[in-house]
Amino acid sequence: MAHDGWPDGAAGQHRVRAHAEQVANPDAVISHESAAVVWGLPTPGFGEWYQAPVSLTLPSTCHGTRRTSAAWHIAELPAPHVTRDDDGYLVTSLPRPAVDLAAGPALPHALVILAAAGRKVHPSFHTSPRRSSPVNPPFVQDVLHPTAHPQSPPWRSTSTAT
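Residues numbered from 1 in each chain as written. Predicted model: local features only at pLDDT ≥ 70, side-chain atom pairs only at ≥ 80, totals over all residues. Heavy atoms only, no water.

The next thing to look at is a nonpolar patch on the surface. Judged by side-chain polarity, V99, L107, L111 and L114 come together as a nonpolar surface patch covering roughly 370 Å² of accessible area. In terms of residue count, the dominant contributor to the nonpolar patch is helix α4 (residues 107-121) (three residues). Relative accessible area serves as the criterion here: at 35%, L114 is assigned to the partly exposed category. (Patch = residues over 30% accessible without salt bridge, like charges linked within 9 Å, V, L, I, M, F, W, Y side chains within 5 Å. Areas by Shrake-Rupley, 256 points an atom, 1.4 Å probe, with all protein chains shown as cover. Salt bridge = Lys/Arg side-chain N within 4 Å of Asp/Glu carboxyl O. Helix = DSSP H or I, 4+ residues; strand = E, 2+ residues; numbered from the N terminus. Buried < 20%, exposed > 50% of the residue type's maximum accessible area, 1.4 Å probe, protein only.)

This part is about unusual backbone geometry. Positive phi, close to 50°, is recorded for H32, a residue that is not glycine. Position of H32 among the secondary structure elements: in helix α2 (residues 32-39).

A separate point is the pattern of salt bridges. Tallied over the full model, the rule gives three salt bridges. For D87, the salt bridge identified is with R15, shortest N-O distance 3.7 Å. Of the two residues, D87 sits in the loop between β4 (82-84) and β5 (90-92) while R15 sits in helix α1 (residues 10-24), which places them 72 residues apart along the sequence. The closest approach of N and O atoms between R96 and D100, which form a salt bridge, is 3.2 Å.

A few words now on the confidence of the model for the protein. Here the protein shows a mean pLDDT of 80. Residues at 70 or above account for 69%. This stretch, residues 157-162, has a pLDDT under 50; its non-local contacts, to residues over four places away or in other chains, come to 16 contacts. (pLDDT = per-residue confidence, 0-100. Contact = heavy atoms within 4.5 Å.)

At a minimum axis distance of 9 Å, the contact between helix α3 (residues 95-102) and α4 shows a crossing angle of 170°. With respect to α4, the axis of α3 lies roughly antiparallel. Counting all contacts with α3, which are made through P95, A98, V99, L101 and A102, the residues of α4 involved are A110, I113, L114, A117 and V121. For the contact of α3 with α4, the residue count by class is ten nonpolar, no polar and no charged. (Axes fitted to C-alpha atoms, helices over the stretch in contact; angles between N-to-C directions. Parallel < 35°, antiparallel > 145°, perpendicular 65-115°, else oblique. Nonpolar A, V, L, I, M, F, W, Y, C, P; charged D, E, K, R; others polar.)

The next point concerns the side chain of H19. As for its position among the elements, H19 is in helix α1. Apart from the residues lying within four places of it in its own chain, the contact partners of H19 are I30, D85, D87 and Y89.

The subject of this paragraph is the nonpolar core. Soluble globular proteins: nonpolar side chains tend toward being buried together. Counting 24 residues, the largest nonpolar core has L41, W49 and L56 as its most contacted members. At the level of secondary structure, the elements contributing two or more residues to this core comprise α2, β2 (55-58), α3 and α4. The biggest single contributor to this core is α2, with five residues. W49 has contacts with H14, E33, A36, V37, L41, P42, T43, P44, L101 and I113, leaving out every residue within four places of it along the chain. (Core = buried A, V, L, I, M, F, W, Y, C linked by side-chain atoms within 4.5 Å.)

This part covers the pairing of β2. Alternating residues of β2 divide into S55 and T57 and L56 and L58, and every residue in both groups is buried. Note: strand β1 (residues 29-30) against β2, two bridges, orientation antiparallel. In the sheet register, I30 faces β2, and the bridge partner there is L56. (Pairing = 2+ DSSP bridges.)

Structural data, given as structure tokens:
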């Protein structure tokens, strides 16, 4: 990478490192904190996702090249949980890192992550703080019947991992 191509910001640098790890380990998928950086999910605490080590998920049959301090997670990712980022690298689809990262912290912190992901998945999800009902029928229908709409939102998988 040319010196002028190296991003100035820490989030951009984290993405470049994640892309490099994914290239070094072709079966790996950018996931967890690194996927949160890709999708622009907020952190519920004082830190930022890009301050964590690069995170990748590898299948249990993979024998990757581990020469860095990247965090490796071993899991079989279903095809709908994998998509490509704007640069074409494999990354977990938006709902996956939101659920993965919300599994650990206390409920109020988890809700920060899940609510942000929900707003990105379906923009009309809780747009008004004075909604009379927390149920959003179009959002519920999209989640329950994802193939009912021919227009696929950007977070939904458009390709499978290879």
